[in-house]
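Architecture at a glance
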Amino acid sequence: MFPETLATASRQLPYFRTREFSQIMFENEEMFKRSINAPQDAKTVFLTASGTGAMEAAIMNCFTKEDRLLVINGGSFGRRFAEICNIHQIPHDEVILEFGKELTEELLEVVDGSRYSGLLVNLHETVTGQLYDIALLAQYCRKYNLYFVVDAVSAYGADEVDFSQYAIDVLIVSSQKALALSPGISIVEISKRIYEERVLKIQPSTLYFDFKMCIENLKRGQTPFTPAVGILLELNERLKQIQKAGWKRMQEECHALAVRFRMELEQRDFEVPVYRLSNALTPILLKPHAKEMYLHLKEDYGFIVTPSGGELEEVLIRVGHLGNVCWEDYDKLLEAMECIRELL
Ligand SMILES: *Cc1c(COP(=O)(O)O)cnc(C)c1O
C-alpha cells in the first residue's frame, strides 16, 4: 500500500449520509469511468464485497435459468464462475484450459457461440498468470452477439482494459489488487445495453446485491446500505493520484517492472511459462520446490510471494508487480531466490 493510502486509512471515518460524502462518490464514479474509458451512459455499482461477491452479483443481476453461458476456465477463478452458475442453476459450458495451455483463436473458433447468451472470463487468470487476448474474446462476443462479462479484478491497472473499445457489458474490479487499497470494495461497470435489456428486467433473489437499487442510489451519490466508508475514501485519494499521473501510467510502470523482472529471471536461468502473461505478476516454475521456495523466502528473508494451491503447489510461485513496489525490492528478491536455490 502507498503511504498516502495508509494516511487516509488512519483517519476518523465520517458519517456518510451527507452531501459531502455524496460528492466523493460522484468523484469516484467519474474517475473510475475515465480510468476504464466507459461512456457516460454506462452504470457504476459500488459493492461492499470482495471480488467474488461482485462476480456472483453480476451473474445474479444479468442472467437467469433461461440463459446459456460460456465460461473460460483456465484455473480456479474460471472455475469460480462455473460454480456460481451451478449454484444459481444457470446452464453453462466451459472452455477448460489445462495448466500451460493457451487460449488461442483456433481453440475458440471450434466453439459454436450461437448457443450462448453471454461469455464469462477472468481476463487475467490470477492463479496461472495467463492474460487472455481481450481483442479475440471481444471479437468472438461481437460475432455471436454475446454479453461480454469481464472479471478484471487482477487485470485492472496492470493490463489494457478498455470498456468502450472492447464493447464490454460487465466489468468487475476490486480494491485490493492494483489499486493497493484495503480489501472490501468492488466496482462493477455495466453497459447501457445490459442494463436496459437485463438488469432492469430481472428481479434477482437477493436484497443486498440488487444492482437496480445500487444504481438508483448512486444518482444521489449514495449506496443502499452502509458501505465500507473508509475504503471509498482510500479509493478517492488513490484515483486522484492516478489521474494526476495519467491513467496509462500505472499500467506502464507495472509493465516495465514485469518486463525487467522477467529478463533478470531469464539471465539467472529461472523458468517462466510461455503463455501470454499479465503484467500483474510473474509466475515462476520451480517444480518440485515451489512450496519450499515460498517458505524459505518468507521465513529466512521476510519476502512474501504468492504460493500456489492444489496441483500447482509444488510447481509455481507468483511474484506480484502491483502496488507500492520498486526495482530495489526485486533486486533483493532475486538475490534471495538464488541463494535458496543453492540449498534445494
Ligand atoms: C483476486 C481476484 C478475485 C477476487 O477474489 P476475492 O478473494 O473474492 O477478493 C476475483 N477474480 C480474480 C481474477 C482475482 O484475481
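One can find the structure itself at the top, above this paragraph.
Attention in this report is confined to the structure presented alongside it. (Residues numbered from 1 in each chain as written. Predicted model: local features only at pLDDT ≥ 70, side-chain atom pairs only at ≥ 80, totals over all residues. Heavy atoms only, no water.)

So, on to the packing of aromatic side chains. Evaluated as defined, the whole model comprises 10 aromatic pairs. On the basis of an interplanar angle of 50° and a centroid distance of 6.0 Å, the ring pair of Tyr15 and Phe16 is categorised as tilted. Its relative accessible area of 60% is what places Tyr15 among the exposed residues. Overall, Phe16 belongs to the buried group, its relative accessible area being 8%. (Phe/Tyr/Trp six-rings, centres within 6.5 Å; stacked < 30°, edge-to-face > 60°. Buried < 20%, exposed > 50% of the residue type's maximum accessible area, 1.4 Å probe, protein only.)

Moving on, we get to the pattern of salt bridges. Summed over all chains, the structure comprises 16 salt bridges. A salt bridge links Arg68 to Asp93; the shortest N-O distance between them is 3.1 Å. Remark: Asp93 occurs in strand S3 (residues 92-96) and Arg68 occurs in the loop between helix H3 (51-62) and strand S2 (69-73); sequence separation between them is 25 residues. What makes Arg68 partly exposed here is its relative accessible area of 28%. Residue Lys212 is joined to Asp210 by a salt bridge in which the shortest nitrogen-to-oxygen separation is 3.9 Å. The pair formed by Lys212 and Asp210 is uniform in burial state, with each residue classed as buried. Among the ionic contacts, a cluster of salt bridges with common partners joins Glu264, Arg268, Glu338 and Arg341. (Salt bridge = Lys/Arg side-chain N within 4 Å of Asp/Glu carboxyl O. Helix = DSSP H or I, 4+ residues; strand = E, 2+ residues; numbered from the N terminus.)

Near the ligand you find 13 residues, and of these Ser50, Thr52, Thr126, Asp151 and Lys177 are the closest. In the environment of the ligand, a nitrogen atom lies 2.6 Å from a nitrogen or oxygen atom belonging to the side chain of Asp151. One of the side-chain N or O atoms of Gln176 is found 2.7 Å from an oxygen atom in the ligand. Burial of the ligand by the protein amounts to 86% of the accessible area it has alone, namely 380 Å². Contributions of two or more residues to the shell around the ligand are made by H3 and helix H4 (76-87). It is H3 that provides the largest number of residues to the shell around the ligand, a total of 3 residues. A per-class count over the shell around the ligand returns 3 nonpolar, 7 polar and 3 charged. (Near = heavy atom within 4 Å. Polar contact = N/O pair within 3.5 Å; in protein donor to acceptor, adjacent residues only side chain to side chain. Areas by Shrake-Rupley, 256 points an atom, 1.4 Å probe, with all protein chains shown as cover. Nonpolar A, V, L, I, M, F, W, Y, C, P; charged D, E, K, R; others polar.)

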